[in-house]
Amino acid sequence: MNAKSVIVSALAILAGSVVPAAEEVWSGDRTIDAPVAMRGKSLRIAPGTRIEFVGDGSLRIENGGLVATQVVFSAQGTLTNSFRIAVQNGRVALADCCFAGMKTFEPDKKKAAFVHGFLYCQFGNGSKVEHCDFTDCSPVMFLNSSKVELSRNLADRCDCAFSFLNCVECRADGNEFFNCANGVKVNGTRISEFFRNRFTDCEIGVFVYCCGENRFMGNAFFGGREGMRLWGLGKGGLFAGNSFESVHYPFSKRDKQDPDNVFRDNEIVPK
């Protein structure tokens, strides 16, 4: 084997050797009563773990992800000027978790009109939240992320359950919302799908703001004030096969809408 072949072989071995990202694992019961920060590594929370936030307790992960399965998260009181959980430049993967009382107020005061939530994930491409329960919580917010998937989650009495800001190619499918001030907020988000979600007695089911090229299909709304609030709707939206029963304003259009959007086969049963 000549020198050139040796170099090529060595490069091939290096290319096939993936160095795993640093990871920290939590298990058992844990109370977070002060800010906790992690940088350059991911956090995995083992099944059966219970995490309680009290006082100023918060968790911030930069350049790393958060993975939790069958974990219970709870909080005492409302946290001001901070998120309970913030993940930047990392993927969030939550499955079969329960969240209760995770509430915040103006976690980012400079961007309070757009940024909110107890869990904030920026640049979290490929994140997933599946089969989780949220009770009396502020939103789970994704910002500048792509291919986020939310499926089969349950939200009850939440300020807002899920919020998307400047995201692309995301999907929310088969989620249920009860007695929420707002089920889902979709702001500046494109080429995303919202299918077969169910909203019961929510003040606003879906708030769509300055968006285009999204599909809202097969969603069901029961009771509540506004099924879908449409504000600054861009081009290319499809609203089809949605049903509204006993909703005061099935489609609440707050300004002039682009005629390129398609509304078809929506069923409205008056109160």
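Residue positions are given per chain, counting from 1 as you read along its sequence in written order. Note on the predicted model: pLDDT of at least 70 is required for a residue's local features to be given, and 80 or more for side-chain atom pairs to be given and counted; whole-chain, interface and lining totals, by contrast, use all residues. Water and hydrogen atoms were dropped before computing side-chain values, which therefore reflect all heavy atoms in the structure.

1. Quick look at the overall build of the chain
Looking only at helices and strands, the chain features 1 helix and 34 strands. Along the first, second and third principal axes, the C-alpha atoms of the chain reach 75 × 50 × 35 Å. Relative accessible area decides the class of each residue, using a 1.4 Å probe on protein chains only: under 20% of the type maximum gives buried, over 50% gives exposed, and in between gives partly exposed. The buried share of the chain, reckoned over its 271 residues, is 46%. Long-range contacts, defined as pairs at least 24 residues apart, comprise 37% of the intrachain contacts of the chain with a sequence gap of at least 6. Here Asp and Glu are counted as negative and Lys and Arg as positive; His is not counted, and neither are the chain ends. Charge coordinates come from a single atom per side chain, which is NZ of Lys, CZ of Arg, CG of Asp or CD of Glu. Between the mean site of the 31 positive side-chain charges and the mean site of the 30 negative ones, the chain shows a separation of 5 Å. Comment: elements are numbered from the N terminus, with helices defined as DSSP H or I runs of at least four residues and strands as E runs of at least two. Any pair of residues with heavy atoms lying within 4.5 Å of one another is described as a contacting pair.

2. Focus: the nonpolar core
Among buried residues, those of type Ala, Val, Leu, Ile, Met, Phe, Trp, Tyr and Cys that are joined through side-chain atoms within 4.5 Å constitute a nonpolar core. Phe73, Ile85, Phe99 and Phe134 are the most contacted members of the largest nonpolar core, which has 58 residues in total. The element best represented in this core is strand E20 (residues 160-165), accounting for 3 residues. Ignoring anything within four residues of it in the chain, the contact list for Phe73 reads Ile45, Ile51, Phe53, Ala68, Ile85, Cys97, Cys98, Phe99, Ala100 and Met102. If you look at the next biggest cluster of nonpolar residues, it comprises 7 residues, including Phe83, Ala86, Met141 and Leu143.

3. Regarding the side chain of Ser145
Along the chain, the position of Ser145 falls in the loop between strand E17 (140-143) and strand E18 (149-151). Between N or O atoms, a polar contact is any pair within 3.5 Å; within protein, one atom must be a potential hydrogen donor and the other a potential acceptor, and residues adjacent in sequence are included only when both atoms are from side chains. For Ser145, the side chain forms a polar contact with the main-chain nitrogen of Gly124, separated by 2.9 Å. A polar atom in the side chain of Ser145 sits 3.0 Å from the backbone oxygen of Leu143. Every residue in contact with Ser145, bar those within four places of it in the chain, is listed here: Cys121, Gln122, Phe123, Gly124, Asn125, Asn166, Cys167, Val168 and Cys170.

4. Quick notes on the sheet that holds strand E16 (residues 133-135)
The strands that make up a sheet are held in pairs by hydrogen bonds between backbone atoms, and each pair lies either parallel or antiparallel. Taken together, the 11 strands give an open sheet; going across it, the order is E2-E5-E8-E12-E16-E19-E22-E25-E28-E31-E34, and neighbouring strands pair in parallel fashion. The sheet terminates laterally at strand E2 (29-32) and strand E34 (267-269), the two strands that pair on one side only. Averaged over neighbouring strand pairs, the angle between their axes works out to 10° when direction is ignored. Relative to strand E12 (residues 98-100), strand E8 (residues 72-75) is paired through 3 bridges, and the arrangement is parallel. In the strand pairing of E12, Phe73 is matched with Phe99. A pair of strands is labelled paired if DSSP reports no fewer than 2 bridges between them. Every axis in this analysis is a line fitted to C-alpha atoms, fitted for helices over the stretch in contact. Angles between the N-to-C directions lie between 0 and 180 degrees.

5. What about unusual backbone geometry?
The backbone phi angle of Arg157 is positive, close to 55°, even though this residue is not glycine. Residue classification places Arg157 among the partly exposed positions, given a relative accessible area of 44%. Backbone geometry places Ser246, a non-glycine residue, at a positive phi of 60°. Secondary-structure assignment places Ser246 in the loop between strand E31 (243-245) and strand E32 (249-253). Residue Ser246 is classed as partly exposed on the basis of its relative accessible area, which comes to 25%.

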